[in-house]
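Commentary on secondary and tertiary structure
In case you want the letters, here they are:
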Amino acid sequence: FLVIGVFFLACNSSQSFADVSNLNLTTSAGVKTVNATIIIDAPNKVVWDVITNYNQFTQFMPGIKQFNIIQNAGTTKKALVKLDVSKLMKAFNYQATICENYASKNLTMERTSGDLNLLKLSFNLKSLDNGSKTLLTYKVNVDHGKGIPNGFADRALKSNVENTLKAVNNVSLQKNANLKIAIK
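My aim in this report is to walk through the structure given alongside it, one point at a time. (Residues numbered from 1 in each chain as written. Predicted model: local features only at pLDDT ≥ 70, side-chain atom pairs only at ≥ 80, totals over all residues. Heavy atoms only, no water.)

A few words now on the overall build of the protein. For the protein, the helix and strand inventory stands at three helices and eight strands. Sequence-ordered secondary structure for the protein, helices as α and strands as β, is β-β-α-α-β-β-β-β-β-β-α. Contacts spanning at least 24 positions in sequence make up 54% of the contacts within the protein whose residues lie at least 6 apart. Total accessible area on the protein is roughly 9,200 Å²; 50% of this is exposed by carbon and sulfur atoms. (Helix = DSSP H or I, 4+ residues; strand = E, 2+ residues; numbered from the N terminus. Contact = heavy atoms within 4.5 Å. Areas by Shrake-Rupley, 256 points an atom, 1.4 Å probe, with all protein chains shown as cover.)

Of all hydrophobic cores here, the largest spans 42 residues; its most connected members are Phe67, Tyr94, Met109, Leu136, Val140, Val161 and Leu165. No other element matches the six residues that helix α3 (residues 150-183) contributes to this core. (Core = buried A, V, L, I, M, F, W, Y, C linked by side-chain atoms within 4.5 Å. Buried < 20%, exposed > 50% of the residue type's maximum accessible area, 1.4 Å probe, protein only.)

Bringing the packing of aromatic side chains into the picture now. Applying the stated criterion to the full structure yields five aromatic pairs. Pairing tyrosine 54 with phenylalanine 57 gives two aromatic rings, centres 5.4 Å apart and planes at 75°, and the pair type is edge-to-face. Neither tyrosine 54 nor phenylalanine 57 differs from the other in exposure class; each is buried. Measuring from centroid to centroid gives 5.9 Å for tyrosine 54 and phenylalanine 67, while their planes differ by 15°, and the two rings are stacked. (Phe/Tyr/Trp six-rings, centres within 6.5 Å; stacked < 30°, edge-to-face > 60°.)

Purely geometric numbers; function is a separate question.
This is the structure:
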């Protein structure tokens with residue numbers, strides 16, 4: 001629930017509902033950690049372009065009400081984020097630092113100030129099937145602080161991680177289909 005938001009897309013012919021696997025949640029010292037993976041039928045470059053398309057986040061991530069890059073130093077960026085997860089919870093406002101490393105196929109984001117005690121997330125991409133598919137691993141560490149019941153927070157976080165991965169899959173498939181059409 002405190003991730004980058006839940007992605008939604010209109011149904012289309014290239015949309016796929018791939019299975020998210022290895023979804024697990026652990027809690028230690030108040031920090032919730034969720035790991036999950038999905039295999040996306042698109043090359044790393046396409047998936048990378050989706051997860052680094054920050055200017056479009058508010059358009060395809062409903063929980064994200066604001067995602068503004070306020071400082072861009074190439075592979076390191078700072079963003080102001082407003083995340084409205086649920087009508088039952090207040091919106092979270094925070095600043096985050098994003099680090100992109102395309103060579104190692106790794107993107108990280110860490111809350112640096114604002115709401116939430118802790119938020120760290122990472123996307124890791126691995127090529128499969130001679131580069132035609134991507135194994136996307138998503139990890140989120142979050143400490144939301146007090147005031148949100150743990151059972152509710154656990155369900156919301158796991159659901160959001162799963163929905164985020166499925167949505168990255170769907171956006172990547174659409175982008176990949178569009179690239180294939182443009183090449184023809």
